[in-house]
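Here is how the chains run, residue by residue.
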Amino acid sequence: MPKGSFAAFNATTTTQITFYYDNGHDETFSIPIASTELAPLLSQLLNQSWLSFQLADQTVVINMSKVEKVEFKPPILELAGEGVFLNSQRVTALHRGAAGRFKVDE
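Points about the pattern of salt bridges
Within this structure, the stated rule accounts for 2 salt bridges. The residue Glu71 makes a salt bridge to Lys69 at a minimum N-O spacing of 3.1 Å. Between Glu71 and Arg90 there is a salt bridge; the shortest N-O distance is 3.1 Å. Taken together, the positions of Glu71 in strand 5 (residues 67–73) and Arg90 in the loop between strand 5 and helix 3 (93–101) put the pair 19 residues apart, joining distant regions of the chain. By relative accessible area, Glu71 is classed as partly exposed at 22%. One connected set of salt bridges, linked through shared partners, spans Lys69, Glu71 and Arg90.

As for the sheet that holds strand 1 (residues 15–21)
Pairing is antiparallel in the open sheet, where 3 strands are placed in the order 2-1-5. Edge positions in the open sheet fall to strand 2 (26–31) and strand 5, since each of these has one partner strand only. On average, each strand axis in the sheet is inclined to that of its neighbour by 20°, with strand direction left out of account. Both strand 1 and strand 5 contribute to a ladder of 6 bridges, which runs antiparallel.

What about the packing of aromatic side chains?
What the rule picks out here adds up to 3 aromatic pairs. Taking 5.7 Å as the distance between ring centres and 70° as the angle between the ring planes, the aromatic pair formed by Phe19 and Phe53 counts as edge-to-face. Of the two residues, Phe19 sits in strand 1 while Phe53 sits in strand 3 (residues 50–54), which places them 34 residues apart along the sequence. On the basis of relative accessible area, Phe19 is assigned to the buried category, the value being 1%. On the accessibility criterion, Phe53 (10% relative accessible area) is buried. In textbook terms, an aromatic cluster arises when at least three aromatic residues are bridged by ring pairs, as seen for Phe19, Phe29 and Phe53.

Conventions we followed
Residues numbered from 1 in each chain as written. Predicted model: local features only at pLDDT ≥ 70, side-chain atom pairs only at ≥ 80, totals over all residues. Heavy atoms only, no water. Salt bridge = Lys/Arg side-chain N within 4 Å of Asp/Glu carboxyl O. Helix = DSSP H or I, 4+ residues; strand = E, 2+ residues; numbered from the N terminus. Buried < 20%, exposed > 50% of the residue type's maximum accessible area, 1.4 Å probe, protein only. Pairing = 2+ DSSP bridges. Axes fitted to C-alpha atoms, helices over the stretch in contact; angles between N-to-C directions. Phe/Tyr/Trp six-rings, centres within 6.5 Å; stacked < 30°, edge-to-face > 60°.

This is the structure in structure tokens:
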């Protein structure tokens with residue numbers, strides 16, 4: 001994948017991971033691993049104390065105990081089992097308010 005801020009996101013060979021920290025900040029990393037390849041490693045990765053990301057100009061090390069939420073794009077469809085809710089939808093405050101006042105098809 002080309003380096004730089006204008007690199008194209010390719011969902012078949014790249015996964016974006018967004019970390020939301022307990023201080024309200026967040027940051028996103030693009031890794032050259034397809035989400036299908038990431039699925040079997042996910043449990044092991046999320047149970048690590050620290051994760052390291054080697055960037056072109058620096059290394060970023062994340063303390064996982066400070067992470068509140070992790071999002072993956074594209075979704076990891078291979079996840080299954082206890083604690084996995086398939087076909088879920090995110091409902092925001094705006095969506096909840098609109099659903100009560102306007103006809104919203106779900």
